[in-house]
Amino acid sequence: MLMPGPSRRRPRPKKYRQIAHTADIAYRIEGGNLAEIYINAAHALVATMTDRRRLRIKETRDIEVEAPDREALLVSWLNYLLYLYDVDGFLGRFFVILELSEERLQARARGEIFDPDRHLGKTAVKAATYHHLALVPRNHGWQATVIFDL
Amino acid sequence: MPPPGPLPGIPNRTPMAVKLRQVDEFRWEVPREGKMRTRGLVYASREMIPKIQEDRSLEQVANVATLPGIVGASLAMPDIHWGYGFPIGGVAAFDLDEGVVSPGGVGYDINCGVRLLRTNLEKPQLTCCVDELVNALFANIPSGVGSRRKDLKLTMPTLKEVLRSGAAWAVKNGYGEASDLEHIEARGTIEGADPDLVSQFAMDRGKDQLGTLGSGNHFVEVGFVDEIFDEPLARALGLFKDQVTIIVHTGSRGLGHQVCDDYLKVMLKATAKYGIELPDRQLCCAPLRSPEGRQYLAAMAAAANFAFANRQMITHWVRESFEQVFKIGPRDLGLELIYDVAHNIAKIETHQVNGKSMKLAVHRKGATRAFPPGHPETPSAYKQTGQPVLIPGDMGRYSYVLVGTQKALEETFGSTCHGAGREMSRAQATKAARGRNIVGEMLQKGIIVRGAGRGTIAEEISEAYKDVENVVNVAHGAGISKKVAKLRPVGVIKG
């Protein structure tokens, strides 16, 4: 019998992973390009708050944020998503970046309003912080570090 | 539990060596060096030092000491741990003319705080119905991700009223008694709040969150007085052995977080504008006299008032829940507010510095005000005892009631510790809790826990926290507060 050999394909890097940090939660975000970084960071944020897979596509939000540089833009973007959540409970499952520059991001989020009966409530996030915030080129792609205050 | 190993890219795990000199049993000095304008002073026992040195919090104490206009030492309480810019457990006072104000010295959860309620009930009366009580509290107080009271909709003008008047707004609108206000720090209203300096974003976030517990380490806990350390003080505070008590721990919710985030952006610009040199971007600040500094203080006051109103409304629902379950009226229940303290705030206060009376901006980030007997801001009910200080522990152990002292006023601008502080990261705690029935374990200890979030209870397991007793013993030993009583939980609702 043939045993399955080691896969030739290189495993795809995880889009985001938690890294150890007392008190709060830190994520290392990977992406092939900057747009992917912003999308994967949004996934990490939503996954901290609920089980993303149970979110249906029912509503759309158009988002536009600005910041002085691409790192601050990442914080502004994530905090805008928290704002949307606090206002009416909207959580995005899928995100599309429509326009992106160093200082401006336009995106569309599709998801639904959080329903405590149907969705898993994990941990609420107070804010994405500037602390040890990093967004740097790495292995032909990009890598970001962001810490959430819980 | 092993501490988290070093991680590339997260420098807080590879701390630089900060010099530390022991002053006495409970005091450690970070000597003035380099750009520091003053020394650092850390309250801790010898046993605590290795853990404190593991993260970068001592470096943060030194960093705060470099800020312009700092008066006295850059202080840290025994529950010091790593924070954003300022350490958690940090206290720093600034001269109003030459000093600065920094959102990082307050934190994201503006006026996160604790209030303690007393009852006429005794522990044996609880045995029948802790379960029912916890369920009633859980039903009446919105907790966790995405919950809100369906019967409460605020208009923008009403929200602005809340931001201006704080707990007084809540009382005026039927949430509690006028006498409650006497038992809240600053009577539940920080003066100078300007709702027009709070962004629309912040107000949108706060509109539906008034009267909600939130998530994370926030809770409502029903417990009892387990031990009394000072009988006359306890009696004066209205506490007796085996008495049923309630602790409420929450803050300004999304509104406060947004105010912090908004003003961090303002301060990043202001720091450059006023040529302030900073060792860490998260310390960004503005001169207290500048428009940016004043605006932040006015917006912070508004968020602080939201938090006072929030705890006041939750108190009202705690009272309703007790009345429902025990089927007795408010008079027999005697569910009264002992005190409400803020532990994330910057306040303008008058202190004696080198024999001179000075107005200062005192930042307390994860630190509690602890004013002595007879202080003008200590409420009249506590003129003889000193201001009550409430130190919550983790959900499986105990909490403490202390009072402020003259020594605190002289040494720490009237400040003391605020809680236990985490020992494990949330990820570690979740790992440690995997495969265990935490709710069942707590039940075996005689504590009923209900949490809205599946993750929260695992992250908040007892062993994830330091033992609050050690923290309190240092504060007591150093004389910056005085132990009155120890409380034990029997029922907890977590966000």
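Just so it is clear, the structure is predicted and the values come from calculations on it, not from any experiment.

Enquirer: Is there a simple way to explain the packing of helix α1 (residues 34-49) of chain A against helix α2 (residues 70-88) of chain A in this structure?
Expert: How two helices sit against one another is set out by the angle between their axes and by the gap between those axes. All names here are of chain A. Packing of α1 against α2 brings their axes to within 10 Å, and their N-to-C directions diverge by 35°. Both α1 and α2 take part in a crossing whose hand is right-handed. Counted together, Leu34, Tyr38, Ala41, Ala42 and Leu45 of α1 and Arg70, Leu74, Trp77, Leu78 and Leu81 of α2 form the full contact between these two elements.

Enquirer: When you look at the pairing of strand β15 (residues 388-391) of chain B in this model, what are you seeing that I'm missing?
Expert: Regular strands place their side chains on alternate faces of the sheet. All names here are of chain B. Going residue by residue along β15, you find Pro388 and Leu390 tucked away on one face and Val389 and Ile391 tucked away on the opposite face as well. Summarising the sheet, β15 and strand β16 (residues 399-403) pair through 4 bridges and their orientation is antiparallel. Across the sheet, the residue bridging to Pro388 is Val403, located in β16.

Enquirer: Please explain the sheet that holds strand β3 (residues 40-43) of chain B as it appears in this structure.
Expert: Strand pairing in a sheet takes place through backbone hydrogen bonds and is either antiparallel or parallel in direction. Residue and element names in this part refer to chain B. What the 7 strands build is an open sheet, ordered β1-β2-β3-β4-β5-β13-β12; its pairing is mixed. Two strands in the sheet have a free side with no partner beyond their single neighbour: β1 (21-24) and β12 (344-353). If you compare each strand with its neighbour and ignore which way they point, the axes differ by 25° on average. The pairing of β12 with strand β13 (residues 356-365) spans 10 bridges and is classified as antiparallel.

Enquirer: Is there a simple way to think about the interface of chain B and chain A in this case?
Expert: Interfaces are frequently sized by the accessible area removed from exposure as the parts join. The partner chain A presents 32 residues to the 42 residues of chain B that form the contact. Going through the elements one at a time, α7 (200-207), α9 (253-273), α13 (426-433) and α15 (454-459) of chain B are the ones with two or more residues in the side of chain B that touches chain A. In terms of residue count, the dominant contributor to the side of chain B that touches chain A is α9(B) (6 residues). Looking at the side of chain B that touches chain A, its residues break down into 13 nonpolar, 19 polar and 10 charged.

Definitions and cut-offs
- Residues numbered from 1 in each chain as written.
- Chains lettered and ligands numbered in written order.
- Predicted model: local features only at pLDDT ≥ 70, side-chain atom pairs only at ≥ 80, totals over all residues.
- Axes fitted to C-alpha atoms, helices over the stretch in contact; angles between N-to-C directions.
- Helix = DSSP H or I, 4+ residues; strand = E, 2+ residues; numbered from the N terminus.
- Left-handed = near helix turned anticlockwise from the far one by under 90°.
- Contact = placed C-beta atoms within 7 Å.
- Buried ≥ 20, exposed ≤ 12 C-beta atoms within 10 Å, placed from the backbone.
- Pairing = 2+ DSSP bridges.
- Nonpolar A, V, L, I, M, F, W, Y, C, P; charged D, E, K, R; others polar.

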